[in-house]
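Examination of the molecular architecture
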Amino acid sequence: MFPARACLLALVLSCVPAALGQSQKFDVVRIAEGVYAVVRRDAPGFAVESNSLFIVCDDGVIVVDAQSNTAATRETLAALRKITTKPVRYVVNTHWHDDHVVGNEVYREAFPGVEFIAHDATREYLPAQGMINRRKFHAGIPAVVERFRALLKGGRNARGQALTEEERASLESDLALAAGYMTVPEGFAPALPTTTLGDHLTLHRGGRTVEIRFLGRAHTSGDLVVWLPRERVVAAGDLVVYPVPFVGADQSHVGDWGATLEKLLARRPAVIVPGHGPVMRDDSYARLVARLMNSVRQQTAAAVARGETLEQARGSVSLEEFRKLFAGESRVRDALFTAYVVGPAVASAYADAAAAK
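Cut-offs used in this document
- Here the residue numbers are simple positions, counted from 1 along each chain's written sequence.
- Where local features are concerned, this predicted model is filtered to residues with pLDDT of at least 70; where side-chain atom pairs are given and counted, the filter is 80 or more; whole-chain, interface and lining totals use all residues.
- As a rule here, side-chain values cover all heavy atoms of the structure and leave hydrogens and water aside.
- Helix and strand assignments follow DSSP, with helices taken as H or I runs no shorter than four residues and strands as E runs no shorter than two, numbered in order from the N terminus.
- Atoms considered for the radius of gyration are the C-alpha atoms alone. The globule rule reads 2.2 Å times the number of residues to the power 0.38.
- The rule is simple: take the accessible area with a 1.4 Å probe, protein chains only, and divide by the maximum for that residue type; under 20% is buried, over 50% is exposed, in between is partly exposed.
- Under the convention used here, a 1.4 Å probe and the Shrake-Rupley method define accessible areas, while residue burial counts only the protein chains that appear.
- Only four residue types enter the charge count, namely Lys and Arg as positive and Asp and Glu as negative; His and the chain termini do not.
- Charged groups are reduced to one reference atom each: NZ for lysine, CZ for arginine, CG for aspartic acid, CD for glutamic acid.
- Grid spacing is 1 Å over the protein atoms alone, the probe is 1.4 Å, and a cavity is where that probe fits but cannot get out, while a pocket is an open set with protein on both sides within 12 Å along at least five of seven lines and lining residues have an atom within 4 Å of a point.
- Grid points are joined across faces, edges and corners, and a volume is the space filled by probe spheres set on the points.
- Note on residue categories: nonpolar means Ala, Val, Leu, Ile, Met, Phe, Trp, Tyr, Cys or Pro, charged means Asp, Glu, Lys or Arg, and polar means any other residue, Gly included.

1. Here's the deal with the overall build of the protein chain
A count of helices and strands for the protein chain gives 11 helices and 13 strands. In terms of C-alpha radius of gyration, the protein chain reaches 19 Å, essentially the compact-globule figure of 21 Å for 357 residues. Across its three principal axes, the protein chain shows a C-alpha extent of roughly 55 × 50 × 40 Å. Each of the 357 residues in the protein chain was classed as buried or not, and the buried ones make up 58%. Here the protein chain displays about 14400 Å² of accessible surface, and carbon together with sulfur accounts for 52% of that area. Looking at charge distribution, the protein chain has the averaged site of its 41 positive side-chain charges lying 1 Å from that of its 39 negative ones.

Shown next, in the form of structure tokens:
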């Protein structure tokens, strides 16, 4: 969600569907009959807010993912109310990070009988390590905000270069999203899952089938995807993040990520709704992410087999090919690749390889 948070050639995506409605913050995109994606419009940056998916069924709605603060989720719910007056029956949290779960309380307040569905690991994490990490994250926000404000005021990036328009838009977006993060009260505890799964859960709601599946570890050890088999639509959570994958060295599992994504791709989805980024109507970007993760895994496993330390592995694992593919000439994407891939991905793959050894 932010550089203080450990969870730390753009490809042309084909045919992003026209938005049914929009705010300054997101578009609502109709994907299939009764299926809508809420797609954030934030500029790429270190701070992010999650997409959501609405699945309108005969007797109610299934929502995939909330947001990082109550105001953002209330805006999302207001967009749903323009589509249907049916109650929200289920909220599926694809994983445990705050930008996907804090807004749960909005649905709990609006729909007292709502069920929250998540992986077993998410239910275990949130009231324990999740509370510790949330306190650390919020303690670090003010310093990061001041740093970003200073960069904007000075008109220079962290390397001392004059800010480009892209960098300026990114910093402004980071600050706006950070303001939302800071509205979360100290000691806040998100609504916990009321239903958990370790492998899969299928919901049959009238004529619609919704499969909630754990395909393997990746962004966290509790990633879920939501698959609509008839429509061939998948909400991928942070298994897929555009324009640069988000890897957390102490929570992600790069050793498994590529294989997990390949299981998703084997279903041949017609539409992928990522945790962050635009609706994707082909799988080229997701395949690139899988290639990246498999390359990091293979190179790092070879380094571990040679007896290299983590620091030595950082030097021997080469990701420059992928840096060019993900970042191109963009300074913002290059910085994101450095922060969210280069360091943490090797550390994560190293930990996984060392554990396997």
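2. Concerning empty space enclosed by the protein
Space inside the largest cavity adds up to approximately 50 Å³. If you trace the largest cavity, you find it lined by Asn51, Ser52, Leu53, Val64, Asp65, Thr94, Ala235, Ala236, Gly237, Val273, Pro274 and Gly275. Contributing elements (two or more residues each) for the lining of the largest cavity: β4 (52-56), β12 (233-241) and β13 (271-276). Residue composition of the lining of the largest cavity, by class: six nonpolar, five polar and one charged.

3. Some details on the layout of surface pockets
Reported here for the largest pocket is a volume of approximately 450 Å³. Elements that contribute at least two residues to the lining of the largest pocket include exactly α5 (129-154), α6 (165-181) and α11 (331-356). With six residues, α11 is the largest single contributor of residues to the lining of the largest pocket. Of the residues in the lining of the largest pocket, the class split is 10 nonpolar, five polar and six charged.

That is the geometry; function is a separate question.
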